[in-house]
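# A closer look at the structure
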Amino acid sequence: MRCTDCYGTGKITCPVCKGSTKDPRNTAKDCSYCGGEGKVKCDLCLGKGTVPDDFKNL
């Protein structure tokens, strides 16, 4: 079934830059956590976009 955290994309909004792609301490630089992408791999599905049908999202 589709991952409930990333809605099947395999990526979530970067928790550091909140999707802005810029380092919150120095906006002249790209976010070092996500590499300036604004998104990171989903922790719930490990970037696959799906979870097992019997998965319990707690």
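See the structure printed just above.
Everything quoted here is computed from the prediction, not taken from an experiment.

### So, the pattern of salt bridges
Summed over all chains, the structure comprises three salt bridges. In this structure, the salt-bridge partner of K11 is E37, at a minimum N-O distance of 2.8 Å. A residue pair is termed long-range when its members are at least 10 positions apart, and K11 in strand β1 (residues 11–13) and E37 in the loop between β3 (26–30) and β4 (39–41) qualify at 26 residues. Measuring nitrogen to oxygen at the nearest pair gives 3.3 Å for the salt bridge that ties D30 to K22.

### Considering unusual backbone geometry
Phi at Y7 takes a positive value of approximately 55°, unusual for a residue other than glycine. Here Y7 shows up in the segment before β1. Residue classification places Y7 among the exposed residues on the basis of a relative accessible area of 57%. One non-glycine residue, T21, lies in the positive phi region at around 75°.

Analysis parameters
Residues numbered from 1 in each chain as written. Predicted model: local features only at pLDDT ≥ 70, side-chain atom pairs only at ≥ 80, totals over all residues. Heavy atoms only, no water. Salt bridge = Lys/Arg side-chain N within 4 Å of Asp/Glu carboxyl O. Helix = DSSP H or I, 4+ residues; strand = E, 2+ residues; numbered from the N terminus. Buried < 20%, exposed > 50% of the residue type's maximum accessible area, 1.4 Å probe, protein only.

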